[in-house]
Amino acid sequence: MSAIAVKFGRVIRSLRERRGLSQEALSDLAGLSRSFLGEIERGDAVPSIETLQKLADALGEKLSFIVCQYEQLNG
């Protein structure tokens, strides 16, 4: 479990929860399995750039916004 994966997971979870989506709903929108999304949110899986783009699209955000949110976690 890397610090990068954990922080990206926090960003995805936070954005999902702000939109009132369950893991199942977001995973369906992104075309991912719910268990894989859970692994990403916990930092147990490192998402590829393609997976991050799918999540950004499903969340209605730009990939750059997600990266910016990640950078804000780093201070």
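Structural data are supplied above this passage.
What you see as residue numbers is a count from 1 along each chain, following the sequence as written. With pLDDT at 70 or above as the cut-off, local features in this predicted model cover only qualifying residues; side-chain atom pairs require 80 or more to be listed or tallied, and sums for whole chains, interfaces and linings still use all residues. Side-chain metrics rest on all non-hydrogen atoms present in the structure, leaving aside hydrogens and water.

Draft legend 1. Quick look at the pattern of salt bridges. By convention in these notes, a salt bridge is any Lys or Arg side-chain nitrogen within 4 Å of a carboxyl oxygen on Asp or Glu. Scanning the entire structure with this criterion turns up 5 salt bridges. Asp44 is the salt-bridge partner of Arg42, the closest N and O atoms lying 3.0 Å from each other. Three or more residues are tied together by salt bridges with common partners; here these are Arg13, Arg16, Glu17 and Glu41.

Draft legend 2. Expanded view of the packing of helix 1 (residues 3–18) against helix 4 (residues 49–59). Every angle, taken between N-to-C directions, lies between 0 and 180 degrees, and every axis is a line fitted to C-alpha atoms, over only the stretch in contact when it is a helix. Working definition: helices are DSSP H or I runs of at least four residues, strands are E runs of at least two. Numbering for both runs from the N terminus. Direction vectors running N to C along helix 1 and helix 4 enclose 20°, while the axes themselves pass 11 Å from each other. Relative to helix 4, helix 1 is oriented roughly parallel. Here helix 1 runs over helix 4; the crossing is left-handed. Of helix 4, the residues touching helix 1 (which contributes Phe8, Ile12, Leu15 and Arg16) are Leu52, Leu55 and Leu59. When residues are grouped by polarity, Ala, Val, Leu, Ile, Met, Phe, Trp, Tyr, Cys and Pro land in nonpolar, Asp, Glu, Lys and Arg in charged, and all others, Gly among them, in polar. Looking at the contact of helix 1 with helix 4 residue by residue, the classes come out as 6 nonpolar, no polar and 1 charged. Here the angle decides the label: under 35 degrees means roughly parallel, over 145 means roughly antiparallel, 65 to 115 means roughly perpendicular, and every other value means oblique. Should the near helix be turned counterclockwise from the far one by less than a right angle, the crossing is left-handed, whereas a clockwise turn marks it as right-handed. Contacts are assigned to residue pairs with any non-hydrogen atoms lying within 4.5 Å of each other.

Draft legend 3. View of the nonpolar core. Here, nonpolar core means buried Ala, Val, Leu, Ile, Met, Phe, Trp, Tyr and Cys residues that are tied together by side-chain atoms lying within 4.5 Å of each other. Buried, partly exposed and exposed residues are distinguished by accessible area as a fraction of the type maximum, computed with a 1.4 Å probe on protein chains only: under 20%, between the cut-offs, and over 50%, respectively. Of all hydrophobic cores here, the largest spans 18 residues; its most connected members are Ile12, Leu26, Leu55, Leu59 and Ile66. At the level of secondary structure, the elements contributing two or more residues to this core comprise helix 1, helix 2 (23–30), helix 3 (34–42), helix 4 and helix 5 (63–73). By residue number, the principal contributor to this core is helix 4, which donates 5 residues. Ile12 has contacts with Leu26, Leu37, Glu41, Leu55, Leu59 and Ile66, leaving out every residue within four places of it along the chain.

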